[in-house]
Amino acid sequence: MKIKQSHWHHYFGGIALLLLIVQVLSGSVLTLFYEPDLKEAYASVQYLYNELSLVAWIRDTHRWAALFLMIAVIMHFIRGFLRKDYLNRDSKTLWLTGILLYLPMLGFLFTGVILPWEWRGYWFMEMIPNYVGEIPLIGPSLSDFLINAFTLNRALVVHICILPAITLVLLGIHTFTRVIKRAGGLTLYVMEHSLLTLPFLVAIAILAYALPMPSQDPAIIPMPLEGENLPTAEWFILIFYVPYLYFKGFMATLLGFYIPLVIFLALAIFPYFLKGRKTKSVENITLKDHAPEKTHTVEKKSAFAKFMAPLRRLLGARTYAKTLAFLTVLLAATALFAPLFVVSHESPTYGCNSCHNPSMGDRLGLPPDSFKDRVKNPNLKDNTFMVEHWFYPQVVW
Ligand code: HEC
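Residues numbered from 1 in each chain as written. Predicted model: local features only at pLDDT ≥ 70, side-chain atom pairs only at ≥ 80, totals over all residues. Heavy atoms only, no water.

Asks: What's the story with the coordination of the iron atom of the ligand in this structure? I'm lost.
Replies: Any two of four tetrahedral donors ideally make an angle of 109.5 degrees at the metal, while pairs among six octahedral donors ideally make 90 or 180 degrees. Bound to the iron atom of the ligand on the protein side are H356 (NE2) and H389 (NE2), at distances that span 1.8 to 1.9 Å. Relative to the metal, the six donor atoms surrounding the iron atom of the ligand lie at angles of 87 to 180°, and the coordination shape comes out octahedral. Here H356, found in the loop between α15 (317-344) and α16 (383-391), pairs with H389, found in helix α16; they are 33 residues apart in sequence, far enough to count as distant. H389 matches H356 in its accessibility class, with the two residues each being buried. (Donors = N, O, S within 2.8 Å, 3.2 Å for Na, K, Ca; no water. Tetrahedral: all angles 85-135°; square planar, octahedral: opposite > 155°, others 65-115°. Helix = DSSP H or I, 4+ residues; strand = E, 2+ residues; numbered from the N terminus. Buried < 20%, exposed > 50% of the residue type's maximum accessible area, 1.4 Å probe, protein only.)

Asks: Whenever I open this one, the packing of aromatic side chains confuses me. Can you help?
Replies: When we look at a pair of aromatic rings, we describe it by the centre distance and by the angle of the planes. Scanning the entire structure with this criterion turns up 29 aromatic pairs. The rings of F110, W123, F124, Y131, F240, Y241, F250, F257, Y258 and W390 are connected pair by pair, giving a single aromatic cluster. Its guanidinium or amino end placed over the ring of Y49, R59 lies 4.8 Å from that ring's centre, counting from NZ or CZ. (Phe/Tyr/Trp six-rings, centres within 6.5 Å; stacked < 30°, edge-to-face > 60°. Lys NZ or Arg CZ within 6 Å of the ring centre and 35° of its normal.)

Asks: Can you help me understand helix α9 (residues 185-210) in this one?
Replies: Note that an α-helix has 3.6 residues per turn; residues three or four places apart therefore point the same way. The end-to-end C-alpha distance of α9, which contains 26 residues, comes to 36 Å, matching closely the 38 Å that a straight helix rising 1.5 Å per residue would cover. All of the buried residues along α9 are G185, Y189, E192, H193, L196, T197, I204 and A208. Tucked inside the fold, the buried residues of α9 contact α1 (11-33), α3 (53-82) and α8 (152-179). (Expected span 1.5 Å × (residues − 1). Contact = heavy atoms within 4.5 Å.)

Asks: Please explain the site of the ligand as it appears in this structure.
Replies: Among the 18 residues in the neighbourhood of the ligand, the closest are listed as C352, C355, H356, R363 and H389. In the environment of the ligand, an oxygen atom lies 2.9 Å from a nitrogen or oxygen atom belonging to the side chain of Y122. The side chain of H356 places a nitrogen or oxygen atom 2.7 Å from a nitrogen atom of the ligand. Broken down by element, the shell around the ligand gets its largest block of residues, four residues, from helix α6 (residues 119-132). Tallied by class, residues from the shell around the ligand come to twelve nonpolar, four polar and two charged. (Near = heavy atom within 4 Å. Polar contact = N/O pair within 3.5 Å; in protein donor to acceptor, adjacent residues only side chain to side chain. Nonpolar A, V, L, I, M, F, W, Y, C, P; charged D, E, K, R; others polar.)

Asks: Help me understand helix α14 (residues 303-315) in this model?
Replies: Helix length check: α14 (13 residues) gives 19 Å between terminal C-alpha atoms against 18 Å at 1.5 Å per residue, within 8%. Largest kink in α14: about 50°, centred on A309, with the proline P310 one to four residues after it. Regarding α14, the residues found buried are A305, M308 and A309. A positive backbone phi angle near 90° is found at G316, which sits one or two residues after α14. (Bend = angle between axes of the 7 residues up to and from the residue.)

Asks: Help me understand the packing of α1 against α8 in this model?
Replies: Angle between the axes and distance between the axes: these two values describe a pair of packed helices. Contact geometry of α1 with α8 gives a least axis separation of 13 Å together with a crossing angle of 160°. Compared by their axis directions, α1 and α8 come out roughly antiparallel. The crossing of α1 and α8 is left-handed. Between α1 and α8, the contacting residues are L17, L20 and T31 on the first element and I160, T167, L171, T175 and F176 on the second. Grouping the amino acids of the contact of α1 with α8 by side-chain chemistry returns five nonpolar, three polar and no charged. (Axes fitted to C-alpha atoms, helices over the stretch in contact; angles between N-to-C directions. Parallel < 35°, antiparallel > 145°, perpendicular 65-115°, else oblique. Left-handed = near helix turned anticlockwise from the far one by under 90°.)

Asks: For this particular structure, what's the right way to read the pattern of salt bridges?
Replies: Side-chain pairs of opposite charge can arise whenever the charged atoms involved come near each other. Scanning the entire structure with this criterion turns up six salt bridges. For E234, the salt bridge is made with R63, and the minimal N-O distance between the two is 3.9 Å. Placement of E234 in the loop between α9 and α10 (235-241) and of R63 in helix α3 is noted, with a sequence separation of 171 residues between them. Judged by relative accessible area, which is 4%, E234 ranks as buried. Here the salt bridges do not stand alone but share partners, grouping R63, E118, R120 and E234 into one network. (Salt bridge = Lys/Arg side-chain N within 4 Å of Asp/Glu carboxyl O.)

Asks: Honestly, the side chain of N357 in this entry has me stumped. Any pointers?
Replies: Tracing the sequence through the fold places N357 in the loop between α15 and α16. Looking at N357, the relative accessible area reads 0%, which means it is buried. Setting aside anything within four residues of it in sequence, one finds N357 in contact with D217, P218, I221, L364 and G365.

Asks: Looking at this structure, how should I read unusual backbone geometry?
Replies: Across residues other than glycine, the phi torsion is negative in most instances, and most of the peptide bonds are trans. A cis amide bond links D217 to the next residue, P218, at an omega of -5°. Take P218: it is sitting in the loop between α9 and α10. The phi dihedral of K84 is positive, around 55°, even though this residue is not glycine. With respect to the helices, strands and loops of the structure, K84 is situated in the loop between α3 and α4 (92-100). Given the relative accessible area of 38%, K84 is considered partly exposed.

Asks: What should I look at first to understand the nonpolar core in this one?
Replies: Here is a general trend for soluble globular proteins: nonpolar side chains tend to be buried in one another's company. Of all hydrophobic cores here, the largest spans 82 residues; its most connected members are W117, W123, F124, F150, F236, Y241 and V387. Ranked by residues supplied to this core, first place goes to α3 with 13 residues. Non-local contacts of F236, meaning those with residues more than four positions away in its chain, are made with L67, M70, I71, I74, L106, L109, F337 and L340. Membership of the second largest hydrophobic core comes to eight residues, among which are V55, A56, I58 and Y350. (Core = buried A, V, L, I, M, F, W, Y, C linked by side-chain atoms within 4.5 Å.)

This is the structure we're talking about:
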C-alpha cells in the first residue's frame, strides 16, 4: 500500500488517533472489571491485575499507550506549529480544536490516575481542587465544589462518558469532517495510519509486558522509590506541580498555573490575530505547495540561508529542506521533553504502595474515610508538603 505523501504532514496526528482507538478498546475491557466504590475499587483493580493475566496486560497497555498518546499529540503540535499551519485561513478552526483537545487529554490523565483509588489516586484527587483553587474569584468555590462533588462513580463517568464525548466532538471538527471527504474516507485513513503506527503499537505491547505496574501489595510490596526514571503519562500533570518543590506562595502559583494558562490561551487564539495565507484546503496542499523554505528563500535570502547555501547545494534542495525540518522538529521536541524529564524523572510513581498498603495499618492502608476533611488532614491543602511527599516520600512525611 502506497502512503500518500500528504499523510506525513500529520504523521503524529495519525498516531494519536490510532492510540486513541487503542485507549477506547483497552479502556472498555477495563470498565468491565472495575468497581467504582471507595472500598472496592483498588481490590477490583488488583483482582483484574493479579488473577487475569490478559486483562493485566491490557491495563498496562492502557497506561503505556496514554504516555505515547501524550507524546504523539505534542509532536503533532510541534510539527503543525513549525509548519505554520495556523496561517492557513481554513485551518484556524483545526488549530483551535487541536489546542482545545489538550484539555480533555489532561482530564483523562487526572481521572485515570484517580480511578484505582490507592494513595496515588487519592493524592491526585486532592491536588485538583488545590490547583483550580488558584483561579481568581471563582477558584475557592470551584475547589470546594470539586471536593464535595467527588465520588469514584462520578470520576468514572467523567473518564468514560463526558471526556470521550467532548473529545469526540472536538475530533469530529478537527479530523473526521476532513478525513471522510477524502477518497477512501476514514477506513482507508485508519488503515494507512495503522501501518505507520505499527512500530509504536509493538513498542507499547512490549513495554506493557516487560514493565508492569506493581499492584501485588501487600503480598509483594514495592520499594518506596520504585518507578523513578520510568516515564509515565502522569509526568505531564506532575510538571505543573513541580514549582511547589522549589517555591512557596505566589511564585509557585505563577509558574505552575498562571504562566501555563497564559501560554495555553495565547496558543489557542493567536492565529486569529495573524493575517491568513491564501485560502487553501488542507487536502489540496501537496508537498510542493507546502515548502515555505523554497518560496521564502527566493524572495529574500536570510543570513542563515546564505550560510547554509553550500550545504543546500551539496544535499540538493529537497533533502536539505527535509533534513532541516527534521532537525528543527528534533530540537523543538528536545526543548519540550527535556525539561519534562529533568523535573519528573525522580518522581517514584510506583513506590507509594510500599508504605501505603493494608499491612501497614489503618492509617496507611487504603485512603482514609476522612479524605475530604481538610481540617483533620491539614497536609492536603499544603501543596509543598504534597509535592515533596510525592517526589521524596522516604524523606518528607
Ligand atoms: C516511606 C513511606 C511512604 C511512601 C513511599 C509514601 N508515603 Fe504517603 N505518607 C506516608 C506517611 C507515614 C504519611 C502520613 C503522614 C501523617 O500521618 O501525617 C503519608 C501521607 C500521605 C498523604 C497525606 C494525606 C493523609 O491522609 O495523611 C498522601 C496524599 C500520601 N501520603 C500519598 C502518597 C503518594 C502518592 C505516594 C507515592 C508517590 C506516597 N504517599 C508514598 C508514608 C509514605
